[in-house]
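Close look at the chain arrangement
Chain residues, written in single-letter form:
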Amino acid sequence: MIETIHVIGASGRVGSAVSARLEERGVRLSAEAPDLVLLCVPDRAIAEVAAALPAGPWVAHVSGATPLSALDPHARRFGMHPLQSFSRARGPEQLDGAWAAITAEAEDAYGVGAWLAATLGLRPFELAEERRVAYHAGAAFASYYVVALRAAARSLFAAAGAPADALDPLVRSVVDGGFELTGPIARGDWETVERHLELIRAERPELEELYLALAAATAPLAGRELPGDRVSLRSGGPA
């Protein structure tokens, strides 16, 4: 039974939300004789912090990419990664309904990790240690690469003289609409795609490679292929 948790890194983005939620749920937060030490520290610091902890309590980290070996020499350990992008501007409510990847080497460790996730308002699922990199790469595509795509879209809106903030409701509608694919590639409208590329090559050439890569990845989702007979759809344009 976990009654006392010591959260290391409680002032950080993840640690502050986790600490506030644990307090809401009546869990005692203390560095004195904790049942669980939860490391909410940067990935690069996990091994050093874990090595300095006394043996005895459960030790866990909230990293999505860091292996459990970083928690050596502790045998009672697990990973509990909240699959969420955290903001200091929000509180523990950002945990509600998100998923949590639990990586553990023993059944009792998974049980503690699943209990912690549920207590925080997260939905736990088991993640094998050897599949952690694939999991984290998928999370990268769904989170910070979306930030990069938004920046690219805003750059093109700036070229058009359009308000960049007008893009945000569009992005939300894609999520709310169940990620239904629309637009010229879904319609097979390659003339419009060519016009996009002509503009990008002229005004935002740094985005051409990204646009082409995304077009190539999107076409199969629409059951289409990029037309090989159109030179302008090839990277770099005409030879």
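In the block above lies the structure referred to throughout.
Read on for an overview of the structure. One numbering rule holds for all chains: residues counted from 1, following each sequence as written. In keeping with the model being predicted, local features are shown solely for residues with a pLDDT of at least 70 and side-chain atom pairs are shown and tallied solely at 80 or more, while totals for entire chains, interfaces and linings include all residues. Only heavy atoms go into the side-chain values, all of them from the structure, while hydrogens and water stay out.

Reported here for the largest pocket is a volume of approximately 2,000 Å³. Residue lining of the largest pocket: 38 residues in total, with Leu149, Ala153, Leu170, Val174 and Leu214 positioned closest to the centre. Helix and strand definitions here come from DSSP, where helices need a minimum of 4 consecutive H or I residues and strands a minimum of 2 consecutive E residues; each element is numbered from the N-terminal end. When contributions to the lining of the largest pocket are tallied by element, the ones reaching two or more residues are helix H5 (144-160), helix H6 (167-176), helix H7 (184-187), helix H8 (190-203) and helix H9 (208-218). Examining the composition of the lining of the largest pocket, we find that 9 residues originate from one element, H5, more than from any other. Three classes are used: nonpolar for Ala, Val, Leu, Ile, Met, Phe, Trp, Tyr, Cys and Pro, charged for Asp, Glu, Lys and Arg, and polar for all others, with Gly counted as polar. Its residues assigned to classes, the lining of the largest pocket comprises 28 nonpolar, 4 polar and 6 charged. A cavity, in this analysis, means grid points on a 1 Å lattice covering only the protein atoms where a 1.4 Å probe fits yet has no way out; a pocket is instead an open set bounded by protein on both sides within 12 Å along at least five of seven lines, and a residue lines either one if it has an atom within 4 Å of a point. Grid points are joined across faces, edges and corners, and a volume is the space filled by probe spheres set on the points. Approximately 1,000 Å³ is the volume attributed to the second largest pocket. Lining the second largest pocket are 31 residues, and of these Arg13, Val14, Gln84, Ser85 and Phe86 lie nearest its centre. Mapped onto the lining of the second largest pocket, the elements with two or more residues apiece are helix H1 (13-24), strand S5 (77-83), helix H4 (132-142) and H5.

Structurally, arginine 132 can be placed in helix H4. Between N or O atoms, a polar contact is any pair within 3.5 Å; within protein, one atom must be a potential hydrogen donor and the other a potential acceptor, and residues adjacent in sequence are included only when both atoms are from side chains. At a separation of 3.2 Å, a polar atom in the side chain of arginine 132 contacts the main-chain carbonyl oxygen of serine 63. Residue contacts for arginine 132: discarding those within four places in its chain leaves His61, Ser63, Gly64, Ala65, Thr66, Pro67, Leu68, Thr103 and Leu127. Whether two residues are in contact is decided by their heavy atoms: any pair within 4.5 Å suffices.

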